[in-house]
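# Structure at a glance
Chain by chain, the residues:
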Amino acid sequence: MAEDNAGRIAERDGFIVTKGKNKKQLQCDTDSSAGCVSQRACVYCGARVVLNPITDAIHLVHGPIGCASYTWDIRGSLSSGAELYRNSFSTDLKEQDIIFGGAKRLNAAIDGLVEKYQAKLVFVYSTCIVGVIGDDLEAICTAASQKHNIEVIPVESSGFIGNKSAGYRAAGDALLRLIKPSEPIVKSNSINYLGDFNLAGEAWIIHNYLRQIGVELNVTFTGDSHYTALKSAPKAKLNIIQCAGSMLYLAGKMEELYQIPYIQISFLGIEDTAASLRKIAATLGEESMIAKAEDLIAKETARVEAIIKGYRDKLQGKKAAIYVGGGFKAISLVKQFREIGIDVVMIGTQTGRKEEYETINNLVDDGTVILDDANPAELERFMMEKGAHLLVGGVKERPLAYKLGIAFIDHNHDRKHPLSGFEGAVNFAEEVYSTVCSPVWKSLSKSGIDRGVTDHG
Amino acid sequence: MAEKNHVHYRDVNENPCNMCMPMGGILALKGIEQSMVIVHGSQGCSTYMRRHIAEHFNEPVDVGSSSLNEKGTIYGGEKNLRQALDNIVKVYHPALIGIVTTCLAETIGEDIERITGQYLIDKQMEDFPIVTAATPGYGGSHFEGYFLTVKRVLMQLTAATKKNNKVNVIIPNMSPADIREIKRILELMKIEYVLCPDFSDTLDRPFSRPYTKMSDGGTKLVDIKEMGGGLATIQMGITLDDSISPGQYLKDEFGVPLYNLAIPIGVESTDAFINTLVEITGKTIPESLTKERGRLLDAMIDSHKYNFQGRCVIFGEPEMVYAVTKTCVENGVFPAVVATGSQGGKLNELVGLAVTDFLEKSNLFIETDFAHILAASQEAKVNIGIGPSDGKYLTEKGGIPLVRLGFPIHDRVGGQRILSVGYTGTMMFLDRVTNTLLENKYISYRSSMYEKYYQQG
Ligand code: SF4
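All values derive from a computational prediction rather than experimental measurement. (Residues numbered from 1 in each chain as written. Chains lettered and ligands numbered in written order. Predicted model: local features only at pLDDT ≥ 70, side-chain atom pairs only at ≥ 80, totals over all residues. Heavy atoms only, no water.)

Another aspect to go through is the overall build of chain B. Per the secondary structure count, chain B includes 17 helices and 15 strands. If one aligns the C-alpha atoms of chain B with their principal axes, the spans along those axes are about 90 × 55 × 45 Å. Burial statistics for chain B: of 457 residues in total, 64% are counted as buried. In chain B, once contacts between residues fewer than 6 apart in sequence are set aside, the share between residues at least 24 apart is 76%. Carbon and sulfur atoms make up 51% of the accessible area of chain B, which amounts to about 17,300 Å² in all. The averaged location of the 54 negative side-chain charges in chain B is 4 Å from the averaged location of its 45 positive side-chain charges. (Helix = DSSP H or I, 4+ residues; strand = E, 2+ residues; numbered from the N terminus. Buried < 20%, exposed > 50% of the residue type's maximum accessible area, 1.4 Å probe, protein only. Contact = heavy atoms within 4.5 Å. Areas by Shrake-Rupley, 256 points an atom, 1.4 Å probe, with all protein chains shown as cover. Lys, Arg positive; Asp, Glu negative; His and termini not counted. Charge placed at Lys NZ, Arg CZ, Asp CG, Glu CD.)

Another aspect to go through is the overall build of chain A. A count of helices and strands for chain A gives 20 helices and 14 strands. The globule rule puts the C-alpha radius of gyration for 457 residues at 23 Å, and the 23 Å found for chain A is close to it. For chain A, the C-alpha atoms occupy an extent of roughly 80 × 60 × 50 Å along the three principal directions. In chain A, buried positions account for 62% of the 457 residues. Long-range contacts, defined here as pairs at least 24 residues apart, represent 73% of the contacts in chain A between residues at least 6 apart. As displayed, chain A has an accessible area near 17,300 Å², and 52% of this comes from carbon and sulfur atoms. (Rg over C-alpha atoms; globule rule 2.2 N^0.38 Å.)

With that settled, consider the site of the ligand. Residues in close proximity to the ligand include A:Pro64, A:Gly66, A:Cys67, A:Tyr70, B:Cys20, B:Pro22, B:Cys45, B:Thr102, B:Cys103 and B:Gly137, which together make up its full environment. The ligand sits at the junction of chains A and B, each of which supplies nearby residues. Of all the elements, helix H3 (residues 65-70) of chain A adds the most residues to the shell around the ligand, at 3 residues. Considered class by class, the residues forming the shell around the ligand number 7 nonpolar, 3 polar and no charged. (Near = heavy atom within 4 Å. Nonpolar A, V, L, I, M, F, W, Y, C, P; charged D, E, K, R; others polar.)

With that out of the way, let us pick up the interface of chain A and chain B. Between chain A and chain B, the contact holds 71 residues from the first and 65 residues from the second. Taken over both partners, the interface formed by chain A and chain B buries close to 5,700 Å², and the fraction arising from carbon and sulfur atoms is 58%. Looking at the side of chain A facing chain B, the largest losses of area belong to A:Tyr70, A:Trp72 and A:Lys403, adding up to 16% of the total buried there. Two residues, B:Glu396 and A:Arg86, come together in a salt bridge whose shortest N-O distance is 2.8 Å. Where chain A packs against chain B, one counts 22 residue pairs in polar contact (both at pLDDT 80 or more). Among the elements of the structure, helix H1 (2-6), H3, strand E3 (89-90), helix H4 (95-100), helix H5 (103-117), helix H6 (128-133), helix H16 (376-386) and helix H17 (398-404) of chain A are those that each provide at least two residues to the side of chain A that touches chain B. Of the residues belonging to the side of chain A that touches chain B, the class tally is 37 nonpolar, 15 polar and 19 charged. (Buried area = accessible area lost by both parts, 1.4 Å probe. Salt bridge = Lys/Arg side-chain N within 4 Å of Asp/Glu carboxyl O. Polar contact = N/O pair within 3.5 Å; in protein donor to acceptor, adjacent residues only side chain to side chain.)

All names here are of chain A. Strand order in this open sheet of 6 strands is E1-E12-E11-E10-E13-E14, and the pairing throughout is mixed. Unpaired on one side and paired on the other, strand E1 (16-18) and strand E14 (407-410) mark the two borders of the sheet. Neighbour-to-neighbour, the strand axes of this sheet turn through a mean angle of 15 degrees, independent of strand direction. Where strand E10 (residues 319-324) meets strand E11 (residues 343-349), 6 bridges bridge the pair, whose relative direction is parallel. Bridged to Lys319 within E11 is Asp343. Together, E11 and strand E12 (369-372) form the strand contacts of helix H15 (residues 354-363), whose direction differs from that of E12 by roughly 170 degrees. On the sheet, helix H18 (residues 421-436) packs against strand E13 (390-393) and E14 and is oriented at approximately 150 degrees with respect to E14. (Pairing = 2+ DSSP bridges. Axes fitted to C-alpha atoms, helices over the stretch in contact; angles between N-to-C directions.)

Under the defined criterion, the tally for this structure stands at 19 aromatic pairs over all chains. Taking the centre distance of 6.4 Å and the plane angle of 20 degrees together, the rings of A:Tyr70 and B:Tyr48 count as stacked. A residue pair is termed interchain when its members come from two chains, as with A:Tyr70 in helix H3 and B:Tyr48 in helix H2 (residues 43-57). Considered together, A:Tyr70 and B:Tyr48 belong to a single accessibility category, that of buried residues. Aromatic pair A:Tyr193 and A:Phe267: ring centres 6.0 Å apart, planes at 90 degrees, arrangement edge-to-face. Residue A:Tyr193 is found in strand E6 (residues 191-196), and its partner A:Phe267 is found in the loop between strand E9 (262-264) and helix H12 (270-284); the two are separated by 74 residues along the sequence. Just as A:Tyr193 is buried, A:Phe267 falls in that class too. (Phe/Tyr/Trp six-rings, centres within 6.5 Å; stacked < 30°, edge-to-face > 60°.)

On to the confidence of the model for chain A. Atom-level detail of predicted coordinates should not be read off regions where pLDDT is low. Scored by pLDDT, chain A has a mean of 90; 96% of the residues are at 70 or more. Low pLDDT, under 50, characterises residues 450-457 of chain A; the predicted model gives this stretch 0 contacts beyond four residues in sequence or across chains. (pLDDT = per-residue confidence, 0-100.)

A separate point is empty space enclosed by the protein. For the structure on display, the rule yields 13 cavities of 30 Å³ or more. A volume near 740 Å³ is recorded for the largest cavity. Forming the boundary of the largest cavity are 43 residues, of which A:Arg75, A:Lys164, A:Lys329, A:His411 and A:His413 lie nearest the centre. Going through the elements one at a time, helix H2 (43-51), helix H8 (164-179), E6, helix H11 (244-258), E10 and helix H14 (327-339) of chain A together with H2 of chain B are the ones with two or more residues in the lining of the largest cavity. Residue composition of the lining of the largest cavity, grouped by class: 16 nonpolar, 17 polar and 10 charged. (1 Å grid on protein atoms, 1.4 Å probe; cavity = no way out; pocket = protein on both sides within 12 Å on 5 of 7 lines; lining within 4 Å. Points joined across faces, edges and corners; volume = space filled by probe spheres on them.)

What follows is the structure in C-alpha cells.
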C-alpha cells in the first residue's frame, strides 16, 4: 500500500531484514528511536522482572509511585514459601523529595519495612529521577545494612541509562553482590538453574525432571528462590541457563569468580527439552544420568507426541508470527512451531543479541521477515503481508492481533499455564489449537449482516 | 460523619492504590478525535502505561515515547522530542498530538512549550494542534493527570465563539459503556451536546476490516473549539480542585455556566444529572427514562434488606469513589472504609456529608495504599469491596469479595463494558453488589450457623 510505504521510518530500515532477499546484517542492541512506539520497557523493568521472584526479599522501589504501581505483582511467579515478593513497596517520591532529595525518605522506608517484615534481604531499585536527583543509593544501602545487620542491596536501574538489557545487567550485579561468599567455598556436586522465573510452576516442572535423572539442583535464579538458597550458589559445579538474555552476564561472571562453567539449554518444546536433558547429563558425565535421561525422554516423548499429533493434524500449514522479549525464546519457538506443523513467517524480539539473530536467520525459511525492536505499525504490516494466522507475544501485542482478526498466544510474564518441558509442549500445542482453530474466526469471515439476512431466503 | 481525614504522609507506600499523572493524560487524550500521544521521558513509562491500558480495554494502545536516554537526560530532550514528533506524524497522520511529560522530563526541566512551538514554526505547521500537559509522575496521581490534561486540551483548543445550543459534558475516567449510556440519555432527551473527552469508541472499538491505526470516534476538534459558546457545562467532577477543573476554566474564560455534579450513579445523582439537563435546556424528561427510574426503584426495594447486610470498602479515583459511596448510602450498604490513593480534592468534605445517616462512623483515607486499606477493612469487618482490580489483594489477603469497578480491571475481561451510570447502569451495579453479598452469605451460611449454634450432646 502506498500509504504504508510513505509511513515507513527510514531509520528503522536497518532493524528489518528479509531472509534470503538481502545479505545485510540486522541492526540490534541499540536504544529505541523516539516516536517509534517501541514495545520495549525500561532498565528498571528489566531488573525488576529478574529479581522479583526472590520470594523472601523486600523489593523496594525508590522513586515516584507509577513505577511501583505498574509492576506490582507483574509476574505469575510462584512461591513454595514466602510471599513477601508479591508486595510492591515504594518510597512514593513527591515534589518535595525531588527538590530536597529522597535520601531521608528512603532511610525511613527501609527502617519501617525491616521492622515490620523481618526480612534478611532488601533490594532497593532506583528509577529514572533517582539517577537525576543523585541520591547516593550505595551509601544509604550500606548504612542500612550495618544498622539492621541484614543485606540491603542497591539495584542501579535508572530508566534512561539504557534499555531492558541494562536492567538485566543491573539485576546480575545485584545478584553477584548477594551470592558473594564470606567464607571459602566448599564445592558440591549440584547445579544451578539460571533464567527460570517459575511462571506457573515451570521451575518446579524442570526440578522434577532433574530429580528423576539424578541431578542435584542447588538453586534456581530466580524462580521460587530465597535468600539462603541463593547464598549457596557459588558451591555449584555447573550453571545451566534458560533465559540467556537475562542471565548470560551473570553466568559469565560466576565462571570467572567461582569457576562454575555454564551451558545454555532450553526447555521450550519437545526437541529442545530432550536435547537439554541430554546435554546436562553428558556435561555432568555420569553414565547413570545419561541412561536415566534417555529413559525419561523416551517415556515422555512417546506420551506427549501422541497428544500433540492430534493438534498437528489440525494445524499443519498455518503461518505464525513471533514477537517476544528475548532472542533465545524466539529461537525455541521456531522449533516448537515446527513440531506442530507451523511455519514462522515473521520473527522479532525486543532485546535479541547479534548471535541470536544469526541463529534465527539460519533457522527460518527464505522470505521470513526478521526484525528488532519492532512497533505496532511494523508488526501489523508484516503480519498482513505474510498472511500470518497467529501471533505469539505479550499483553501489548494481543489486542493488535485480535483487532486484525488473527489468533494469539500469550508468551508473557503473567500467563497462568506453564510452557516449559514436555508438559509445556502439550500446553503450547493446545493453546495454539484453541486459538487458531477457534470457531470465532468463522463469524468474522462472513461478509456481514446484509448477507446474513438474505442468506435465509 | 466521616472520621477525620487520614492523610498518610508516610515514608513507604505498600501496594499502591493509584498510578502516576501521565497515565491519566494518555487516557484523556485518547478521547480526542484522531489524536496521538507522546510521552516525553524514558521508554519504560509509556510502555508500562500502554500495557496497563491495553489490559483494561483490550484494545491496541499506540503511544509514542521520546525514548530519552542518558544523553537526552544530560543535554536536554529537544532532539528526541522533535524526532518523536516527526515519526508520529509520518506513521499515524494524526489530527492532533498530545504531549505529556514524565518525572524525568520535568526533573530535567524540559520546556515543551518552547520546543513544540519552535517545531511547528520550523515545519511550517503553525496550525497543527499540539496539546501539552506537564504531568510529572510525582506531581499527583493519574486522576489529577486526567483532568489537568482535559483542561489543557480546552486551554489550547477552545476559542471564544458565538453562543450555541450545546451542553458541554466533561467526562471523568469512566468505562466506555458508561460514556455510551450518558450519550444515550442525552439523545433520549434530544439534547445537543459536546462530550469531552469521549473514548467510548476509541478505546472500545468494534471489530471491522480493514484495521486502521487510528480509530474513529473521540471528541471532534471543531466541537472542542466551540465549547466556549456552550449553553452550560456539566462536569462530572464534583470532587475536583478548581486548579484542575476544565469546567471552571470554561466558566472563567468564556463565562459558560458550570454545573459540577457527581457521576450519575444512584437515584439521587442520576436525578441531579437529568434535572440539571432539564434546567439548562428546558427539555422534558421522556417517558422511557421515567420508566427506567421506576424499575431502578423497584430493584432497590427488592434488594434493600440484603444490602443492609453490606459493610463495604470503596476505593479508587476520588470521583468514582464518591459516586459509589453515595449509591451505597442510598441503598443501606454501609461504607465502612472509603479510600483513594489520590489527593482526594473535595472528597473528604463530600463523603462526610454523605454518610451521616448511619449508626457507625465511616473511615476515610486519602493518599493511601492497599496495606492501610486492608488493615482498616479488617478492623471494620468489611464484607464487600468495590473498586478496581488491584483490590484483588483484599480478596487474597483478607477474604473480602470484590465487585470490580473503575480503572484498571486487569484480571478479568470486559473492564470497558462494565455499565454503572444512569438508572439502568445503577440497577446493574446494584445487582452486582447484592449478588456478591448473597453469594458470600450462601457459601458460608451452613457452616457459620453450625459453628455458632450447634452443640454436641
Ligand atoms: S512514576 Fe515517573 S518514571 Fe515512573 S512511570 Fe510514572 S512518569 Fe515514569
